[in-house]
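Listed here are the chains, written in short residue letters.
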Amino acid sequence: MTSFPWQAGTATGVGSYPGEDPAEALRIVLGELPELPHLPELPARGPGADLAGRTAGLLVEMPVHLEPSGWRFSDRPGRDTQRSRDHLARDLDVLEEVAGGHDGPFKIQVCGPWTLAASIELRHGDRALKDPGAVRDLTASLAEGVAGHVADVRRRLPAAEIVLQLDEPGLPAALAGTVPTASGFSRLRAIEEPVAEEALRTVIDAAGAYPVVHCCARNVPYGLLRGAGAKALSVDLRLVPRRYDDAVGEAIDAGIGLFLGAVPATDAALPPLKETAEPVRELWRRFGFPAQRLAEQVVITPACGMAGASPRHVRAALKRCRDTARMLYEAAL
């Protein structure tokens, strides 16, 4: 059986939270998700704290600036690049201060190369995704920047095992050729699967951390992500239709971890605990794997990031994730 960095019956978060105080958000995460905490992202702080801007600040020798249309590559670093780096530097200082003694797995999140390429424009305005050479340059720069980021987090959490989550919500659209051009009047060409897989593998291999790929969109390319080196896949449980049973079953059989988004990420009345756990059990029963493997291989998460939720719902949802994971573990004993 594959060994995982987390213990059986574990829950974690996806990434983003409401608010602007990184210390408060991190304390909530550590309190509610002690088995697999993560570095919270706070996009409410503004440009540079969003998914694309935060990761763009990690790029090596590829500065960005903010246009009305979004992020765009620049000739030299400016205040927008610096703001992205300042947000992350503050978060890492808080991490070291609040969680420096953490001695279990700890997750950090960055935007994957394909979602980033669809989010940043070239100097003349087209999305980087349109230019294969620009994507190669971005991928190499991201790989170097993420490797440095992982090393920095390791220095601050010397006893922790770092789990790296690559966020790729835009990958299915890139593969399907449905990403709009900058003008919005047409669509960019589809990316070939071997090309997509190679770029992801480049970043995963360079990072040197336990790799998870998060994709909360429909049409998750399970085989591609496994081929790129992902050891766990993070998906919205509601978006795992039966037509993907073969791909999901093969991933489970291969020992791939599943981070299943089983709890609403935005404000909603939570059903009884058993009703939260039942879709997870039902998915597992479809494949006929032992219940014990469910508790070991599955991590329970919110459906997606929680930046749009109220603080009250965040606490309730994280507690529900933890309670659901514990119930599934105890049922497997």
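Figured I'd write up the structure that's included with this text. The numbering scheme is per chain: residues are counted from 1 as the chain's sequence reads. In keeping with the predicted nature of the model, local features appear solely for residues at pLDDT of at least 70, side-chain atom pairs appear and are counted solely at 80 or more, and the whole-chain, interface and lining totals rest on all residues. As a convention, hydrogens and water are excluded, and side-chain values are obtained from all of the structure's heavy atoms.

1. Details of the sheet that holds strand β4 (residues 120-121)
The criterion for strand pairing is that DSSP finds at least two bridges linking the strands in question. A run of H or I in DSSP becomes a helix once it reaches four residues, and a run of E becomes a strand once it reaches two; helices and strands are each numbered from the N terminus. Across the sheet, which stays open at both edges, the 3 strands sit in the order β1-β2-β4 with mixed pairing between neighbours. Each edge of the open sheet carries a strand with a single partner, namely β1 (64-67) and β4. Bridge count for β1 against strand β2 (residues 70-73) is 4 bridges, and the pairing is antiparallel. Among the inter-strand pairings, Val64 is bridged to a residue of β2, identified as Phe73.

2. Some remarks on the packing of helix α1 (residues 22-32) against helix α3 (residues 79-99)
To get an axis, fit a line to the C-alpha atoms, keeping to the stretch in contact for a helix; angles then go from 0 to 180 degrees between the N-to-C directions. Running from amino to carboxyl end, α1 crosses α3 at an angle of 45 degrees, the nearest separation of the two axes being 10 Å. Classified by the angle their axes make, α1 and α3 are oblique. With respect to the hand of their crossing, α1 and α3 are arranged in right-handed fashion. Contact residues: α1 offers Pro22, Ala23, Leu26, Arg27 and Leu30, while α3 offers Arg90, Asp91, Val94, Leu95, Val98 and Ala99. Polarity classes work like this: nonpolar for Ala, Val, Leu, Ile, Met, Phe, Trp, Tyr, Cys and Pro, charged for Asp, Glu, Lys and Arg, and polar for all others, with Gly in that last group. A breakdown of the residues in the contact of α1 with α3 according to their chemical character gives 8 nonpolar, no polar and 3 charged. Each angle gets one of four labels, with under 35 degrees taken as roughly parallel, over 145 as roughly antiparallel, 65 to 115 as roughly perpendicular, and the rest as oblique. Definitions for this section: a left-handed crossing has its near helix turned counterclockwise from the far helix by less than a right angle. A right-handed crossing has that turn clockwise. We call two residues contacting when some pair of their heavy atoms lies within 4.5 Å.

3. Describing the packing of aromatic side chains
Any aromatic ring pair is given by two values, namely how distant the centres are and how the planes are angled relative to each other. Geometry of aromatic contacts follows a simple scheme: Phe, Tyr and Trp rings, the Trp one being its six-membered ring, pair when their centres are within 6.5 Å, and the pair is stacked under 30 degrees between planes, edge-to-face over 60, tilted otherwise. Scanning the model with the defined rule gives 6 aromatic pairs in all. Measuring from centroid to centroid gives 5.3 Å for Trp6 and Phe259, while their planes differ by 85 degrees, and the two rings are edge-to-face. Here Phe259 lies in strand β8 (residues 257-263) and Trp6 lies in the segment before α1, a separation of 253 residues in the sequence. Each of the two residues, Trp6 as well as Phe259, counts as buried. For the pair Phe287 and Phe289, a centre-to-centre distance of 6.4 Å together with 40 degrees between the ring planes defines the contact as tilted. With respect to burial, Phe287 and Phe289 carry one shared label: buried. In textbook terms, an aromatic cluster arises when at least three aromatic residues are bridged by ring pairs, as seen for Phe4, Trp6, Tyr210 and Phe259. Accessibility here uses a 1.4 Å probe with only protein chains present; expressed as a share of the type maximum, an area under 20% marks a residue as buried, one over 50% as exposed, and anything in between as partly exposed.

4. Concerning the packing of helix α9 (residues 245-253) against helix α10 (residues 273-287)
Direction vectors running N to C along α9 and α10 enclose 85 degrees, while the axes themselves pass 10 Å from each other. Comparing their axes, α10 and α9 come out roughly perpendicular. Across the interface between the two elements, Asp245, Val248, Gly249 and Ile252 of α9 pack against Trp284, Arg286 and Phe287 of α10. Each residue belonging to the contact of α9 with α10 can be placed in one class, and the counts come to 4 nonpolar, 1 polar and 2 charged.

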